[in-house]
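# Architecture at a glance
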Amino acid sequence: MADDSTSRFQAGQTGLIVRIPDAEPVVREWRERFDPSARAGVPAHVTVLFPFLDESRIDARVRSALVDILDGHRSFDLGFGSCGRFPGVLYLAPEPDTQLRRLTEAIAGRWPEAPPYGGRFTEVVPHLTVADGVDEAVLDEVEADLLSKLPFRSRVSSVALMVHDGAKWHERASFALAE
């Protein structure tokens, strides 16, 4: 695959994610091969809001507003027992996805200038991308392997703010959900 992180992502871009560390043993090898965000430093995750505000806009007021919003949401458990697809993309489907949708709605509602995925989609489908931009035969191979390793569960207790520096993504802050 001839994709590099510098052409797909821009310096100063930010995103909000929930890390799914329990997915790493299941998806790491595939993500490193077939997910540009993994090669750019993003851990296994489900996106809450991308793109978020440009890094230059992330100040103490924005951080405080994120704390206020996220403090109104409780930690939750997700199950991953099936795969799903978008064109050229294979993902793990989190279940239930209601709390993820609520997080996205709350943050996008506070910052309407930062709609999910730039407003490209009418419905936001929470997902953990494993392979992106590859042909169906590769997706079939990856899916067969993943299905042999499912299900697993993961606890979500925070939302991470990721920032792209022009070459890699880095976590700049983590915001706890209420217990």
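Along each chain, residue indices are assigned from 1 in the same order as the chain's sequence is written. Local features in a predicted model are, by the rule used here, given only for residues with pLDDT of at least 70; side-chain atom pairs are given and counted only at 80 or more, and totals for whole chains, interfaces and linings are based on all residues. Side-chain numbers here rest on the full set of heavy atoms in the structure, without hydrogens or water.

Before going further, it helps to examine the overall build of the chain. Under the scheme used here, helices are H or I runs from DSSP no shorter than 4 residues and strands are E runs no shorter than 2 residues, and both carry numbers assigned from the N terminus. Helix and strand counts for the chain stand at 6 helices and 8 strands. Starting at the N terminus and ending at the C terminus, the chain contains elements arranged as α-β-α-α-β-α-β-β-α-β-α-β-β-β. Here the C-alpha atoms of the chain give a radius of gyration of 16 Å, agreeing with the 16 Å that 2.2 N^0.38 yields for 179 residues. When its C-alpha atoms are laid out on the principal axes, the chain stretches across 45 × 35 × 30 Å. Working definition: with a 1.4 Å probe on protein chains only, accessible area under 20% of the residue-type maximum means buried, over 50% means exposed, and in between means partly exposed. Taken across its 179 residues, the chain has 50% of its residues classed as buried. Contacts: residue pairs with any heavy atoms within 4.5 Å of one another. Within the chain, contacts between residues separated by at least 24 positions form 78% of all contacts whose residues are at least 6 apart in sequence. Accessible surface area values rest on a Shrake-Rupley calculation with a 1.4 Å probe, where residue burial reflects the displayed protein chains alone. Of the roughly 8700 Å² of accessible surface on the chain, a fraction of 49% belongs to carbon and sulfur atoms. Charged residues are defined here as Lys and Arg on the positive side and Asp and Glu on the negative side; His and the ends of the chain fall outside this count. Just so you know, the charge point we use is NZ for Lys, CZ for Arg, CG for Asp and CD for Glu. Looking at charge distribution, the chain has the averaged site of its 20 positive side-chain charges lying 4 Å from that of its 28 negative ones. In this description the radius of gyration comes from C-alpha coordinates, and the expected globular size is given by 2.2 Å times residues to the power 0.38.

Attention now goes to the pattern of salt bridges. Whenever Lys or Arg places a side-chain nitrogen within 4 Å of a carboxyl oxygen from Asp or Glu, that contact is recorded as a salt bridge. Here the structure, examined in full by the defined rule, presents 13 salt bridges. Two residues, D140 and R85, come together in a salt bridge whose shortest N-O distance is 2.7 Å. Here the residue D140 occupies a position in helix α6 (residues 136-147), and R85 occupies one in strand β3 (residues 76-86), the gap between them amounting to 55 residues. In this structure R85 comes out as partly exposed when scored by relative accessible area, which is 29%. Between R155 and E179 there is a salt bridge, with its nearest N and O atoms 3.7 Å apart. Here R155 is found in strand β6 (residues 152-156), whereas its partner E179 is found in the segment after β8 (169-176), with 24 residues between them in sequence. Overall, the relative accessible area of 58% leaves E179 in the exposed class. One salt-bridge network, in which partners are shared between bridges, spans R85, E136, D140 and E143.

Side chains F152, S154 and V156 of β6 all project onto a buried face; the interleaved residues R153 and R155 project onto a face where none is buried. Pairing between β3 and β6: 5 bridges, direction antiparallel. By the bridge assignment for β6, F80 is matched with F152. Strands qualify as paired when DSSP identifies two bridges or more between them.

A few words now on the packing of helix α2 (residues 24-34) against α6. Axes here mean lines fitted to C-alpha atoms, for a helix over just the part in contact, with angles spanning 0 to 180 degrees between N-to-C directions. Across the interface, α2 lies against α6 with an axial gap of 10 Å and an inter-helix angle of 165 degrees. One element, α2, and the other, α6, form an angle in the roughly antiparallel class. Note that α2 runs across α6; the crossing there is right-handed. Where α2 approaches α6, its residues V26, V27, W30 and F34 are matched on the opposing element by V138, E141, V142, D145 and L146. An angle below 35 degrees is read as roughly parallel, one above 145 as roughly antiparallel, one from 65 to 115 as roughly perpendicular, and any other as oblique. In this scheme, a crossing is called left-handed if the near helix is turned counterclockwise away from the far one by less than a right angle; it is called right-handed if the turn is clockwise.

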